[in-house]
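Summary of the model geometry
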Amino acid sequence: MSVIGVRFTLQDIVQQIDGTVRIRVRVNREGKVVRATVLQNLSGEHFDTLGAIVLDAARRWEFYPKTVRGRAFPCEKTVSLTVR
């Protein structure tokens with residue numbers, strides 16, 4: 001898996017974010033994320049922005065696809081991102 005860093009705005013950092021965002025990603029046979037959705041977001045005034053930032057980063061991640069007998073298959077993965 002290769003991960004693209006998540007960038008937060010100064011306003012998010014000042015808010016002293018603390019919690020977990022859970023997302024589900026659909027990965028194709030090549031390991032590229034083809035769909036990402038938020039399963040659990042932090043609550044608060046600016047956290048919709050945080051969810052959007054996390055989804056933007058997740059769409060650029062790459063995974064090793066699931067393989068069976070050397071053949072790659074699409075799959076879904078749930079990822080939890082803890083923000084402190």
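Description of the structure in this document. (Residues numbered from 1 in each chain as written. Predicted model: local features only at pLDDT ≥ 70, side-chain atom pairs only at ≥ 80, totals over all residues. Heavy atoms only, no water.)

Attention now goes to the sheet that holds strand β2 (residues 33–40). An order of β2-β1-β5 is seen for the three strands of this open sheet, with the pairing classed as antiparallel. On the outer flanks of this sheet lie β2 and β5 (75–83), each paired with one strand and no other. Going across the sheet, the axis of each strand differs from the next one's by a mean of 25°, ignoring polarity. Of the pairings in the sheet, the one linking strand β1 (residues 19–27) to β2 comprises six bridges and is antiparallel in character. Paired with Ile-23 across the strands is Val-38, a residue of β2. (Pairing = 2+ DSSP bridges. Helix = DSSP H or I, 4+ residues; strand = E, 2+ residues; numbered from the N terminus. Axes fitted to C-alpha atoms, helices over the stretch in contact; angles between N-to-C directions.)

Next up on the list: the nonpolar core. Grouped together as the largest cluster of nonpolar side chains are 17 residues, with contacts concentrated most on Ile-23, Val-25, Trp-61, Phe-63 and Val-79. At the level of secondary structure, the elements contributing two or more residues to this core comprise β1, β2, α2 (47–58) and β5. Look past the residues within four positions of Val-79 in its chain and what remains in contact with it is Val-21, Arg-22, Ile-23, Val-25, Trp-61 and Phe-63. (Core = buried A, V, L, I, M, F, W, Y, C linked by side-chain atoms within 4.5 Å. Buried < 20%, exposed > 50% of the residue type's maximum accessible area, 1.4 Å probe, protein only. Contact = heavy atoms within 4.5 Å.)

Tracing the chain through its elements places Asn-28 in the loop between β1 and β2. For Asn-28, the side chain forms a polar contact with the main-chain nitrogen of Glu-30, separated by 2.9 Å. Non-local contacts of Asn-28, meaning those with residues more than four positions away in its chain, are made with Val-34, Pro-65, Phe-73 and Pro-74. (Polar contact = N/O pair within 3.5 Å; in protein donor to acceptor, adjacent residues only side chain to side chain.)

For Arg-69, which is not glycine, the phi torsion reads 50° and is therefore positive. For Arg-69, the position within the fold is in the loop between β3 (66–68) and β4 (71–73).

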